[in-house]
Amino acid sequence: MGKADLHIHTIYSWDGTMTPAGALKAAANAGLDVIAVTDHDDLRATFEARDLAGRYGLEVIPGIEISTRDGHLLALFIEKMVPAGLPLIETLLRIGGEDGLAVVPHPEAPLTSSVSRSKIQAALAHPDAHLVLAGVEVCNAGMPYRFSNARAKTIAQGLPLARVGNSDAHVPWGVGMGFSEFPGRSAADLRAALIHHTTLPHGNSGLVTFSPILHWSWNYLLRRLGWVSSNHQPQLPLVLARQAARRGNI
């Protein structure tokens, strides 16, 4: 069985604190086979990570977390931007036009933009959109989702969707804390598992302690001051971190 984390953020997200290379190193350390870098409404990091992935012995699925009018949506296996702000069904149709698949992250989670069960059901009833919507995230290891994960599992019951676990990591040590097992090891195997609903979600059900919050807050503050952290490396200025990533030094 392979292991995949399909919800990871880098410095190309407004709230991310790690470089694409830092995310890859963390994924390799976590024993993952496949990851998706899914920054908020930005594809740049996913291509950067894909170019570097061979150095770390894993595969990167191009992805993005799209801010739809109806809540956030993970688009996977896409090569072009899908604009933010569109209704969920229209967004799904555009993802399908790129031969992509979609996963609903943290459904009905409070305090964040999340898709409701009724919107999911409407998409599944659509003759074309249901072919694109492949999964729902029932385990999100992010700090805000300790209690909404139980709601996500309830929402997923009875729906013809793959159930996935993800980290929603914004710092290196978070990568792989939530993940999905799937038959095989490759990105192609994972795609088949999403389509056939054979993924198995795993991971922490939301990290709520002061240590992770303080760690992220410190790294976020440093990032706003122009510094970012790579995995297990000293703080680096943002420009130098990107240059080091291209050289494969982080």
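Please refer to the structure higher up on the page.
How each quantity is defined
- One numbering rule holds for all chains: residues counted from 1, following each sequence as written.
- Given that this is a predicted model, residues contribute local features only at a pLDDT of at least 70 and side-chain atom pairs are listed and counted only at 80 or more, while totals for whole chains, interfaces and linings are drawn from all residues.
- Side-chain measures here rest on the full set of heavy atoms in the structure, leaving out hydrogens and waters.
- Here the term buried applies to any residue with accessible area under 20% of the maximum for its type, exposed to any over 50%, and partly exposed to those in between, with areas from a 1.4 Å probe on protein chains only.
- Put simply, DSSP marks the helices as runs of H or I at least four residues long and the strands as runs of E at least two long, and each gets a number from the N terminus on.
- Strand pairing follows a simple DSSP-based rule, namely that at least 2 bridges must link the two strands.
- Orientation is described by lines fitted to C-alpha atoms, with helices fitted over the stretch in contact, and by angles between N-to-C directions that extend from 0 to 180 degrees.
- Put simply, a salt bridge is a Lys or Arg side-chain nitrogen that is within 4 Å of an Asp or Glu carboxyl oxygen.
- The term nonpolar core refers to a set of buried residues drawn from Ala, Val, Leu, Ile, Met, Phe, Trp, Tyr and Cys, joined through side-chain atoms within 4.5 Å.
- Residue contacts follow a heavy-atom distance rule, with two residues in contact if any of their heavy atoms lie within 4.5 Å.
- Summarising the geometry, the arc corresponds to the directions from the helix axis toward the C-beta atoms.
- In these notes the angle categories are as follows: under 35 degrees is roughly parallel, over 145 is roughly antiparallel, 65 to 115 is roughly perpendicular, and the rest is oblique.
- For any pair of crossing helices, the crossing counts as left-handed if the nearer helix is rotated counterclockwise from the farther one by less than a right angle, and right-handed if it is rotated clockwise.

J.: If you had to explain the pairing of strand 8 (residues 178-182) to someone new, which residues and values would you point to?
T.: Within strand 8, four of the five residues are buried, which leaves the element mostly enclosed by the surrounding structure. Across three bridges, strand 1 (residues 2-8) lies against strand 8 in antiparallel orientation. By the bridge assignment, Ala 4 is partnered in strand 8 with Ser 180. Pairing between strand 8 and strand 9 (residues 200-203): four bridges, direction antiparallel. Bridged to Phe 179 within strand 9 is His 202.

J.: I'd like a rundown of the pairing of strand 4 (residues 71-76), residues and numbers included.
T.: Judged by how many residues are buried, strand 4 sits mostly within the fold: six of six residues are covered. Linking two consecutive strands that pair antiparallel, namely strand 3 (residues 59-68) and strand 4, is a turn of two residues.

J.: Residue-level account of the sheet that holds strand 3, with values.
T.: Read across the open sheet, the nine strands follow the order 7-6-5-4-3-2-1-8-9; overall the sheet is mixed. Two strands lie at the open edges of the sheet, namely strand 7 (162-166) and strand 9, each paired on one side alone. This sheet shows a mean twist of 30° between the axes of neighbouring strands, independent of strand direction. Judged from the five bridges that link them, strand 6 (residues 133-140) and strand 7 form a sheet pairing that is parallel. Across the sheet, Glu 137 pairs through a bridge with Val 164, a residue of strand 7.

J.: Requested: an account of the pattern of salt bridges, with residues and values cited.
T.: A full pass over the atoms with the stated rule returns seven salt bridges. A salt bridge links Asp 42 to Arg 44, with the shortest nitrogen-to-oxygen separation between them at 2.7 Å. A residue is classified by how much of its surface remains accessible, and Asp 42, at 12% relative accessible area, is buried. On the basis of relative accessible area, Arg 44 is assigned to the exposed category, the value being 51%. Residues Lys 119 and Asp 70 are paired through a salt bridge, measuring 3.6 Å at the closest nitrogen-oxygen approach. Placement of Lys 119 in helix 4 (residues 117-125) and of Asp 70 in the loop between strand 3 and strand 4 is noted, with a sequence separation of 49 residues between them. Owing to a relative accessible area of 36%, Lys 119 belongs among the partly exposed residues under this scheme.

J.: Let's hear about the nonpolar core: which residues, and what values?
T.: Among the nonpolar cores identified, the biggest contains 25 residues, and Leu 92, Ile 95, Ile 120 and Leu 133 are the most heavily contacted of them. At the level of secondary structure, the elements contributing two or more residues to this core comprise strand 3, strand 4, helix 3 (88-97), strand 5 (101-104), helix 4, strand 6 and helix 5 (148-156). Beyond its immediate chain neighbours, meaning those up to four positions away, Leu 92 contacts Leu 73, Ala 102, Ala 123, Ala 129, Val 132 and Leu 133. Judged by nonpolar contacts, the second largest core, of 22 residues, contains Tyr 12, Ala 23, Leu 32 and Leu 58.

J.: Please give an account of helix 6 (residues 187-196) that cites residues and values.
T.: When we look at burial in helix 6, the residues that qualify are Ala 187, Leu 190, Ala 193 and Leu 194. Seen along its axis, helix 6 keeps its buried residues to an arc of 115°; they face one direction. Along helix 6, the residues that are exposed and aim more than 90 degrees away from the buried face are Ala 188 and His 196.

J.: Just give me the short version of the packing of helix 3 against helix 4, but keep the residues and values in it.
T.: A packed helix pair is summarised by two numbers, namely the angle formed by the two axes and the spacing between the axes. Here helix 3 crosses helix 4 at 45°, and the two axes come no closer than 10 Å. By the criterion of interaxial angle, the relationship of helix 3 to helix 4 is oblique. Read as a crossing pair, helix 3 and helix 4 show a hand that is right-handed. Between helix 3, through Leu 88, Ile 89 and Leu 92, and helix 4, the contact on the second element is made entirely by Lys 119, Ala 122 and Ala 123.

J.: I'd love a proper account of unusual backbone geometry, names of residues and values included.
T.: Phi at Glu 108 takes a positive value of approximately 55°, unusual for a residue other than glycine. Residue placement: Glu 108 occurs in the loop between strand 5 and helix 4. Owing to a relative accessible area of 29%, Glu 108 belongs among the partly exposed residues under this scheme. With a phi angle near 65°, Leu 111 is a residue other than glycine that sits in the positive phi range. Within the fold, Leu 111 resides in the loop between strand 5 and helix 4.

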